[in-house]
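# Chains, contacts and geometry: an overview
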Amino acid sequence: IDDVGLSDDIVEPQPGGSYIWSRGRLRPIPPGAALGLPDRLIPLLRSGLLSPAGVARAGFDIVLPATRTGDDPSIAELVRPRFGADVYHRMVEPLLGGVHAGDPAQLSAKSTVPEIYAIASRNRSVYLSMRKRRVKPTGKRQAPLVSLRGGMGRLTQALARDVDVR
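Report on the accompanying structure. (Residues numbered from 1 in each chain as written. Predicted model: local features only at pLDDT ≥ 70, side-chain atom pairs only at ≥ 80, totals over all residues. Heavy atoms only, no water.)

### Let's talk about the packing of helix H3 (residues 75-83) against helix H4 (residues 85-99)
Using the following cut-off: Lines fitted to C-alpha atoms define the axes here, with helix axes fitted over just the stretch in contact, and angles between the N-to-C directions of these axes take values from 0 to 180 degrees. Think of it this way: any DSSP run of H or I at least four residues long counts as a helix, any run of E at least two long counts as a strand, and we number them from the N terminus. Here a crossing is called left-handed whenever its near helix is offset anticlockwise from the far helix by less than a right angle, and right-handed whenever the offset is clockwise. Whether two residues are in contact is decided by their heavy atoms: any pair within 4.5 Å suffices. Only Asp, Glu, Lys and Arg are considered charged in this grouping, and only Ala, Val, Leu, Ile, Met, Phe, Trp, Tyr, Cys and Pro are considered nonpolar; every other residue, Gly among them, is considered polar.
Contact geometry of H3 with H4 gives a least axis separation of 8 Å together with a crossing angle of 145 degrees. Crossing angle aside, the handedness with which H3 passes H4 is right-handed. Residues Ile-75, Ala-76, Val-79, Arg-80 and Phe-83 of H3 lie in contact with H4, whose contacting residues are Ala-85, Val-87, Tyr-88, His-89, Val-92 and Leu-96. Each residue belonging to the contact of H3 with H4 can be placed in one class, and the counts come to 9 nonpolar, 1 polar and 1 charged.

Quick look at the structure:
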C-alpha cells in the first residue's frame, strides 16, 4: 500500500464495531482481537464471547512452554494448543472461516495468517507478543483489519498501474 502511494487512503472500521453470535446472542469482538486472537484478557471477559473458564484457558498461553508445530501447521494446530478450544471455536473459526471461506482446521497458518504464524514461531507466548505489538512506536493504535477509501479494488488498480499491466 505504501509502495503504490495509497497510505493516506487507509481507513479503519467504523466505531460501531464488529460482532460474533456467541452463547445465545450477538457479542462485540473485543478491542485488540487480531484475527480472533486476544491481546487483552479483561476486554475478552467483558465481551461475553467466552465463558470465564474459556477466558482463563486463553490466559494459559502466558505460562505454557513454546508450542512446536510442523513447517506449515493449520490455523487450528497453531491456535488451540495456545488459547484453547473456546477461543478457536468462538472467535477464530467464525472470523477466519468467514474471511477465507474455509475451515481453519484445513487452512495453512503460514499462508493465511503469516503474521500470527511468525509470532508463534519466534516467541514462547503468542499473547504477550501480541500485546507488545499492540501500540505502534508512533503511539497510534493499529486496527487489525483495514481497507482503502473507495474500496480494495483501488489496490489492484494501483498495482496494475505500477507494473504497467495492459
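### Quick notes on H4
Selection criterion: One fewer than the residue count of a helix, multiplied by 1.5 Å, yields its expected span. We define the bend at each residue as the angle formed by axes fitted to the 7 residues ending at it and the 7 residues starting at it.
For H4, built from 15 residues, the straight-helix expectation of 21 Å at 1.5 Å per residue is met to within 8% by its first-to-last C-alpha distance of 20 Å. The largest bend in H4 is about 45 degrees, located at Val-92, with the proline Pro-94 one to four residues further on. The inward-facing, buried residues of H4 abut strand S2 (19-22), helix H1 (41-47), helix H2 (52-59) and H3. Ala-101, located one to two residues past H4, shows a positive phi value of around 50 degrees.

### Points about the pairing of S2
Rules: Summary of the burial criterion: residues with accessible area below 20% of their type's maximum are buried, those above 50% are exposed, and those between are partly exposed, where the area comes from a 1.4 Å probe applied to protein chains only. One bridge is not enough; two strands pair if DSSP finds at least two bridges between them.
Covered by surrounding structure in S2 are Ile-20 and Ser-22 only, the residues Tyr-19 and Trp-21 on the alternate face being uncovered. Across 4 bridges, S2 lies against strand S3 (residues 25-28) in antiparallel orientation. Bridged to Ile-20 within S3 is Arg-27. Linking S2 back to S3 in an antiparallel pair, the connection comprises 2 residues, with Arg-23 at a positive phi of about 55 degrees.

### Describing the side chain of Asp-61
Mapping Asp-61 onto the fold places it in the loop between H2 and H3. For Asp-61, a relative accessible area of 0% translates into the label buried. Sequence-distant contacts of Asp-61, that is, excluding residues within four places in its chain, are made with Arg-82, Phe-83, Arg-124, Ser-125, Val-126, Tyr-127 and Leu-128.

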